[in-house]
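Secondary and tertiary structure notes
The residues making up each chain are set out below.
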Amino acid sequence: MAEEPEGRNRLLQDVLVRPGNGTCADCGNPEPEWASLTLGVFVCQACSLLHRSIPHISRVKSVQDTWDAGEVELVASTGNNAAKAKYEQKVPAFYYRPIHSDCKMLREQWIRAKYERKEFEFIEKQEPYSAGYREGFLWKRGRDNGQFLSRKFILSEREGALKYFNKQDARDPKAMMKIETLNATFQPAKIGNPCGLQITYLRDNSTRNIFVYHSDAKEMVDWFNAIRAARFHYLQVAFPGASDEELVPKLTRSFMKEGFMEKTGPKHTEGFKKRWFTMDDRRLMYFKDPLDAYARGEVFIGSKENSYTVLSGLPSSTQGHHWSHGITIVTPDRKFLFACETEAEQRDWISAFQRVINRPMRPQEYAVEAHFKHKP
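By the naming in an unreviewed UniProt entry, the protein goes by ArfGAP with dual PH domains 1 and is assigned to Champsocephalus gunnari. Quoted verbatim from the Subcellular location (unreviewed entry) heading of the UniProt record, the comment on the protein is "Cytoplasm".

Given below as structure tokens:
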């Protein structure tokens, strides 16, 4: 006698509460409400939409629907932990595993890498980002005219640098970016391309931005992970006693907060000007335009032990700001005054500043702070 649908759905609920099945198999989001009937994994709604883009690999179904006995049996015999052991068995330590809040392109390429390309079952498929050397063409935004032009890029662990060339046959690179200070973060909305990547590095201890993309999403993610691999191997040499768990968070980082605020100059008598701000760890940078190559200025945000504080509001004598939600950052040398357009923005910025100020400074950060104090 066939089992009643109600009984089958009860069995499905029993499968859902098994270890590993309570979070999305692909991004870790809690309480997944979809399952892949072909792969036997439970996923969140956002990832289920990405599974639909590989229908030859994955067929998804809501856990709220009525399931037949064979479908329940399939997910019961696999589940997220067993699938992870198979499809993620050889993920390199440096490889970026996307989370729910990451951009769609990163999450889709992670899903394709696992289930479609099987990159983590066969190490030879990891060559594009594991070889220690990568070259190719990326569309790079011009510093002055904002046009994207095709440029040759070479990443070489042996040379300890990422470099690019303005002309195809040029012998000397236009820029050499040391792996030591390199960072990369996907910025699709800011760059206006789903594969847009912002690369930052330090030149003369000031931050320089370049904005690139590739029309092929896999290519762009391979570049991103090649940069992470190069950073990983550099840090392994720089910190020989450190574990993978200690090094992996240092490979690349997303900015803590970005957005427009108004600012005034050191005398606090100049008018407030609208600027784009980027909070990158302890560096608060401001730009005239979000896609500028260089910051107009940078502010070092230290810790409360070193007399840095953040206050809501502005001194009562302050004039010239159009936006009414003020923030004052007090440093050992001076006060920095900012104004936000909304109370929500003010709250978010204060929260970001507070997180950094509450964190004690590391020894190497004192050297960075000293450099900021000696800037002309």
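Topic: unusual backbone geometry
The phi torsion at Asp-204 lies on the positive side, around 55°, for a residue other than glycine. Looking at the element boundaries, Asp-204 is found in the loop between β9 (197-203) and β10 (206-213). Overall, the relative accessible area of 71% leaves Asp-204 in the exposed class. The phi angle at Asn-205 is positive, at roughly 65°, despite the residue not being glycine.

Some words on the pattern of salt bridges
Inspection of the entire model under this criterion finds 21 salt bridges. In this structure, Glu-345 and Lys-257 form a salt bridge, with 3.1 Å as the shortest nitrogen-oxygen distance. With Glu-345 in helix α10 (residues 343-357) and Lys-257 in strand β11 (residues 257-263), this residue pair connects regions lying 88 residues apart in the sequence.

Quick look at the sheet that holds strand β2 (residues 41-43)
The strand order across the open sheet formed by three strands is β2-β1-β3, and the pairing between neighbours is antiparallel. Bordering the open sheet on either side are β2 and β3 (60-62), each of which pairs with just one other strand. Strand-to-strand twist of the sheet, defined as the mean angle between neighbouring strand axes without regard to direction, takes the value 30°. Summarising the sheet, strand β1 (residues 34-36) and β3 pair through three bridges and their orientation is antiparallel. For Ala-35, the partnering residue across the bridge sits in β3 and is Lys-61.

Here's the deal with the side chain of Glu-88
One can find Glu-88 in the loop between α4 (80-87) and α5 (104-116). Here Glu-88 falls in the buried class, since its relative accessible area comes to 9%. Sequence-distant contacts of Glu-88, defined by excluding residues within four places in its chain, comprise Ala-25, Ala-83, Arg-97, Trp-110, Lys-114 and Phe-120.

Some words on the UniProt feature "domain: Arf-GAP" (unreviewed entry) in the protein
Per the UniProt record, "domain: Arf-GAP" (unreviewed entry) is annotated on residues 9-128. In residues 9-128, helix accounts for 39% and strand for 8%; the two terminal C-alpha atoms are 44 Å from one another.

Looking at the packing of aromatic side chains
Under the counting rule described, the total for this entry stands at 20 aromatic pairs. Look at Trp-110 and Phe-120: their rings are 5.5 Å apart centre to centre, the planes differ by 45°, and that puts the pair in the tilted class. Of this pair, Trp-110 sits in helix α5 while Phe-120 sits in the loop between α5 and α6 (127-130), and the two are ten residues apart along the sequence. When the ring of Phe-277 is compared with that of Tyr-286, the centres are 5.6 Å apart and the planes differ by 40°; the resulting orientation is tilted. Judged by relative accessible area, Phe-277 falls into the buried class, the value being 0%. For Tyr-286, a relative accessible area of 16% gives the class buried. By way of ring pairs, the aromatic residues Phe-94, Tyr-95, Trp-110, Phe-120, Tyr-129 and Phe-232 are connected into one cluster.

The rules behind these values
- Residues numbered from 1 in each chain as written.
- Predicted model: local features only at pLDDT ≥ 70, side-chain atom pairs only at ≥ 80, totals over all residues.
- Heavy atoms only, no water.
- UniProt positions renumbered as here; feature names shortened; annotations may be inferred.
- Helix = DSSP H or I, 4+ residues; strand = E, 2+ residues; numbered from the N terminus.
- Buried < 20%, exposed > 50% of the residue type's maximum accessible area, 1.4 Å probe, protein only.
- Salt bridge = Lys/Arg side-chain N within 4 Å of Asp/Glu carboxyl O.
- Pairing = 2+ DSSP bridges.
- Axes fitted to C-alpha atoms, helices over the stretch in contact; angles between N-to-C directions.
- Contact = heavy atoms within 4.5 Å.
- Phe/Tyr/Trp six-rings, centres within 6.5 Å; stacked < 30°, edge-to-face > 60°.

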